[in-house]
Amino acid sequence: MKAASESCPRSPSVSLIGAPSDAGAGGIGACMGPDALRVAQLGPALESLGIQVTDLGNLTGPPNPRGPRDKTYALHNLAECTRWSRAVCDTVLKELANEKLPLLLGGDHHLALGSVSAVARHCREHGKHLRVLWLDAHADCNTPEISPSGNVHGIPVACLHGLGPEQLITMAGSPPALASGELKLIGLRSVDDAEKQMLHALNIEAYDMRLIDELGMYKVMRRALRDVRQGNVHLHVSFDVDFLDPSIAPGTGTTVRGGPDYREAQLCMEMIAESGCLGSLDVVELNPALDAGNQTAELVVELIQSLFGKTTLLRSV
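### Here's the deal with the overall build of the protein chain
Across its full length, the protein chain carries 12 helices and eight strands. Whereas a compact globule of 317 residues would reach a radius of gyration of roughly 20 Å, the protein chain reaches 18 Å, a difference of no more than 12%. Principal-axis analysis of the C-alpha atoms places the extent of the protein chain at approximately 60 × 40 × 40 Å. Out of the 317 residues in the protein chain, the part that is buried amounts to 56%. Positive and negative side-chain charges in the protein chain, numbering 27 and 37 respectively, have mean positions lying 5 Å apart.

### A closer look at the pairing of strand β4 (residues 129-135)
Across the seven residues of β4, six count as buried, placing the element largely inside the fold. Pairing geometry for β4 and strand β5 (residues 183-188), over four bridges, is parallel. When the bridges of β5 are listed, L135 appears paired with I186.

### A look at the state of the cysteines
As enumerated under the stated definition, the model contains zero disulfides in all. Among the cysteines around C89, which has no disulfide bond, C123 carries the closest sulfur, lying 12 Å off. C268 carries a free sulfur, and the closest cysteine sulfur to it, the one in C277, is 15 Å from it. Note on C268: relative accessible area 0%, which makes it buried.

### A look at the packing of aromatic side chains
Taken as a whole and judged by the stated rule, the model has one aromatic pair. Where F239 meets F243, the ring centres are 6.2 Å apart and the plane angle is 85°; that geometry is what we call edge-to-face. Judged by its relative accessible area of 1%, F239 falls in the buried class. Judged by relative accessible area, which is 0%, F243 ranks as buried.

### Re the sheet that holds strand β3 (residues 101-106)
Whenever strands of a sheet pair, they do so through backbone hydrogen bonds, lying parallel or antiparallel. Taken in spatial order, the eight strands make up an open sheet running β2-β1-β3-β8-β7-β4-β5-β6, and their pairing is parallel. Of all the strands in the sheet, just β2 (52-58) and β6 (205-208) have a single pairing partner and so form its edges. Each strand axis lies, on average, 15° off the axis of its neighbour in the sheet, ignoring direction. Relative to strand β7 (residues 233-240), β4 runs parallel, the two sharing seven bridges. In the sheet register, W134 faces β7, and the bridge partner there is S238.

### Side note on the packing of helix α10 (residues 217-224) against helix α11 (residues 262-275)
One way to put it is that α10 packs onto α11 with a least axis distance of 10 Å and a crossing angle of 30°. Taken as axis vectors, α10 and α11 run roughly parallel relative to one another. Between α10 and α11 the crossing geometry is right-handed. Across the interface between the two elements, M217, Y218, M221 and R222 of α10 pack against E264, L267, C268, M271 and I272 of α11.

### What about the pattern of salt bridges?
All told, the structure shown has nine salt bridges when counted by the stated rule. D227 is the salt-bridge partner of R131, the closest N and O atoms lying 2.9 Å from each other. Remark: D227 occurs in the loop between α10 and β7 and R131 occurs in strand β4; sequence separation between them is 96 residues. When sorted by exposure, R131 lands in the same class as D227, which is buried. D227 is the partner of K184 in a salt bridge, and the nearest nitrogen-oxygen pair spans 2.7 Å. One end of the pair, K184, is in strand β5; the other, D227, is in the loop between α10 and β7, with 43 residues separating them in the sequence. Take K184 and D227: they sit in the same class, and that class is buried. Residues joined in a network through salt bridges with shared partners are D35, R38 and D55.

### Overview of the side chain of Q305
With respect to the helices, strands and loops of the structure, Q305 is situated in helix α12 (residues 295-307). Judged by its relative accessible area of 10%, Q305 is buried. Apart from the residues lying within four places of it in its own chain, the contact partners of Q305 are A45, S48, L49 and K310.

### Concerning the side chain of N287
Mapping N287 onto the fold places it in the loop between β8 (278-284) and α12. Sequence-distant contacts of N287, that is, excluding residues within four places in its chain, are made with I28, G29, A30, G251, T252 and G253.

Criteria and cut-off values
Residues numbered from 1 in each chain as written. Predicted model: local features only at pLDDT ≥ 70, side-chain atom pairs only at ≥ 80, totals over all residues. Heavy atoms only, no water. Helix = DSSP H or I, 4+ residues; strand = E, 2+ residues; numbered from the N terminus. Rg over C-alpha atoms; globule rule 2.2 N^0.38 Å. Buried < 20%, exposed > 50% of the residue type's maximum accessible area, 1.4 Å probe, protein only. Lys, Arg positive; Asp, Glu negative; His and termini not counted. Charge placed at Lys NZ, Arg CZ, Asp CG, Glu CD. Pairing = 2+ DSSP bridges. Disulfide = S-S within 2.5 Å. Phe/Tyr/Trp six-rings, centres within 6.5 Å; stacked < 30°, edge-to-face > 60°. Axes fitted to C-alpha atoms, helices over the stretch in contact; angles between N-to-C directions. Parallel < 35°, antiparallel > 145°, perpendicular 65-115°, else oblique. Left-handed = near helix turned anticlockwise from the far one by under 90°. Contact = heavy atoms within 4.5 Å. Salt bridge = Lys/Arg side-chain N within 4 Å of Asp/Glu carboxyl O.

Have a look at this one:
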């Protein structure tokens, strides 16, 4: 995978963007995620790799009211989630225009509606090929009609493919933000029955934990990254902390047993780094209120270092 790093150079400058909102989640606490990552020394950890880091602080937005569902779409906090996602979209788009690598610190996963929409618009305007790796225990591919919870963090994948409230699906301009084949799901192990049908209908490539068990993380990532080796690719990684097994990452609100262990997660990140195409990143659903001694945030910082190229040894092959 060396050729990819020659054709898709990684930005040397990273912008940290805090989005302290849990308006899209079923519970509170993810709003503290950005500061938990700062406490875990994310900025200095990246700087130790020779990366220039600018911390833009936390965006501001509406509080999470946990009111009744929206009358039109039957979703909780739709107006609040829309405002937060638009703030993320505007900020990520600005950082991309300044040739920075935006690193979104969530907050819950509804915020990826803003970041991925911004990246999609940027890629369209600059003629780049977009690929999104969505690392998650859940498919996040409900629509308002089939969502059992009405929580917006369960619908972003469908919205990015053009299915959902108009105010969410048009952030990148004309919907859909993502075309078929541009997003791949990795680590699934909790998918609603209606979501399974939706994944098939949208032709979304999904790698669940059974396939990872059967093939191993290396072969799964080789498949997922097979078309990232071409030139002019912008790779966006949307990393939900519940992608990880809760035995190593308890600090998230929607844990599902049977996820990647430490070494599988490290290998996943290292192979993404070796592609050389990483252009933007979300880190979401970190909930320090459910953690013990900030251990999950510290683990996530280690994984982000691997995502940006840290390895145990200098590799010659």
